[in-house]
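# Summary of the model geometry
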Amino acid sequence: MTYDEDLHDRLAPMFTALCVELGFCLHDKGERRVVEALPQGLDAAVKAVFQADGVDIISAPGDLKRAVRDCLKAHVRGVS
């Protein structure tokens, strides 16, 4: 896992959207986990979001998982 502080800063709008729109208000350490997971793909990043918030991804509704994935995808697309 790699951590890119600049990427983390550019993804601030994504973390705001996760909090405001979906209720996943992650602390700095949780956000860092998501940034570290992104190079492994969106699914890994979605898993990191749920883990950082203490939510069991297995029992989470499919619509919620999809919404988190869509949020990540929308924000990561424009950031490289």
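Scroll up to find the structure this text is about.
Just so you know, these numbers come straight off a predicted model, no measurement behind them.

### A look at the packing of helix H3 (residues 28-37) against helix H4 (residues 42-53)
Geometrically, a packed helix pair is captured by the angle between its two axes and the distance between the axes. Contact geometry of H3 with H4 gives a least axis separation of 8 Å together with a crossing angle of 165 degrees. By the criterion of interaxial angle, the relationship of H3 to H4 is roughly antiparallel. Regarding H3 and H4, the two cross each other, and that crossing is right-handed. Here H3 contributes Gly30, Arg33, Val34 and Ala37 to the contact with H4, which in turn contributes Ala44, Ala45, Ala48, Val49, Gln51 and Ala52.

### Describing the environment of aspartate 63
Structurally, aspartate 63 can be placed in helix H5 (residues 62-76). Put simply, aspartate 63 and phenylalanine 15 are 48 residues apart on the chain and 19 Å apart in space, counted from C-alpha to C-alpha.

Rules behind the numbers
- Residues numbered from 1 in each chain as written.
- Predicted model: local features only at pLDDT ≥ 70, side-chain atom pairs only at ≥ 80, totals over all residues.
- Heavy atoms only, no water.
- Axes fitted to C-alpha atoms, helices over the stretch in contact; angles between N-to-C directions.
- Helix = DSSP H or I, 4+ residues; strand = E, 2+ residues; numbered from the N terminus.
- Parallel < 35°, antiparallel > 145°, perpendicular 65-115°, else oblique.
- Left-handed = near helix turned anticlockwise from the far one by under 90°.
- Contact = heavy atoms within 4.5 Å.

Distances and angles like these do not, on their own, reveal function.
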